[in-house]
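This is what each chain is made of:
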Amino acid sequence: GDSVTQMEGPVTLSEEACLTINCTYTATGYPSLFWYVQYPGEGLQLLLKATKADDKGSNKGFEATYRKETTSFHLEKGSVQVSDSAVYFCALTKTSYDKVIFGPGTSLSVIP
Amino acid sequence: GAVVSQHPSRVICKSGTSVKIECRSLDFQATTMFWYRQFPKKSLMLMATSNEGSKATYEQGVEKDKFLINHASLTLSTLTVTSAHPEDSSFYICSAFLRGRDYEQYFGPGTRLTVT
């Protein structure tokens, strides 16, 4: 079945370090890909998305490119801040009205 | 943007009682809503798909008689945890699609259920 795999962490970085969280997926057809962020004690927020191959999603300094040839959607940020500390979920959906399939989540801690 | 609310945000109940959690789409109609469950430090697992005016579709392993879902209107779905036990303690999150907005679900802020 369809699935999402991502590095689970926890990941600890110093402020202003570069971030990469790897995400790969298994799915038939052409899924849409997402990154969601969950801050401590809160619900999910959509961080960015890409709906077709080679699309780049970006938001708040984060970027991810939909790579169909490698079935990947790695999350990157050039300079992290303490406020970026959260859990990040890579996810996919197959159709407009389908369930979201989540990866296991990656916990990120950014220290001053 | 589209907003999905949940009520309550936190609830503590005693074993054996039932708890109802509401999920509302505040400024759009949602024919389909989803209910997810998140265990501590774990990912979200889909429990069921809630369809307005029809019975919910449950994922394998989810007890439909224990987790009652009702989607009586285009803006409201409810999840009732019946005869709650401590193992039902979890974070429950709902989501809804904005009609006409492809591929994007809007998630509620979640409900933290603690069963003592």
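Going by the structure above, here's the rest.
What you are looking at is a predicted structure, and each value in this text was computed from that prediction instead of being measured.

Help me out: how do you make sense of the sheet that holds strand β1 (residues 4-7) of chain B in this one?
Residue and element names in this part refer to chain B. Taken together, the 4 strands give an open sheet; going across it, the order is β1-β3-β8-β7, and neighbouring strands pair in antiparallel fashion. Strands with a single pairing partner mark the edges of an open sheet, and in this sheet they are β1 and β7 (67-73). Direction aside, neighbouring strands of the sheet carry axes that sit 15° apart on average. In terms of strand pairing, β7 meets strand β8 (residues 76-81) through 5 bridges, oriented antiparallel. Bridge pairing links Leu 68 to Thr 80 in β8.

Mind showing me how you'd approach the nonpolar core here?
A general tendency of soluble globular proteins is for nonpolar side chains to be buried together. If you look at the biggest cluster of nonpolar residues, it comprises 27 residues, and the most contacted ones within it are A:Trp35, A:Leu47, A:Leu48, A:Phe73, A:Leu75 and A:Tyr88. With 4 residues, strand β10 (residues 86-93) of chain A is the largest single contributor of residues to this core. Membership of the second largest hydrophobic core comes to 24 residues, among which are B:Ile21, B:Phe28, B:Phe67 and B:Cys94.

Rules used throughout
Residues numbered from 1 in each chain as written. Chains lettered and ligands numbered in written order. Predicted model: local features only at pLDDT ≥ 70, side-chain atom pairs only at ≥ 80, totals over all residues. Heavy atoms only, no water. Pairing = 2+ DSSP bridges. Helix = DSSP H or I, 4+ residues; strand = E, 2+ residues; numbered from the N terminus. Axes fitted to C-alpha atoms, helices over the stretch in contact; angles between N-to-C directions. Core = buried A, V, L, I, M, F, W, Y, C linked by side-chain atoms within 4.5 Å. Buried < 20%, exposed > 50% of the residue type's maximum accessible area, 1.4 Å probe, protein only.

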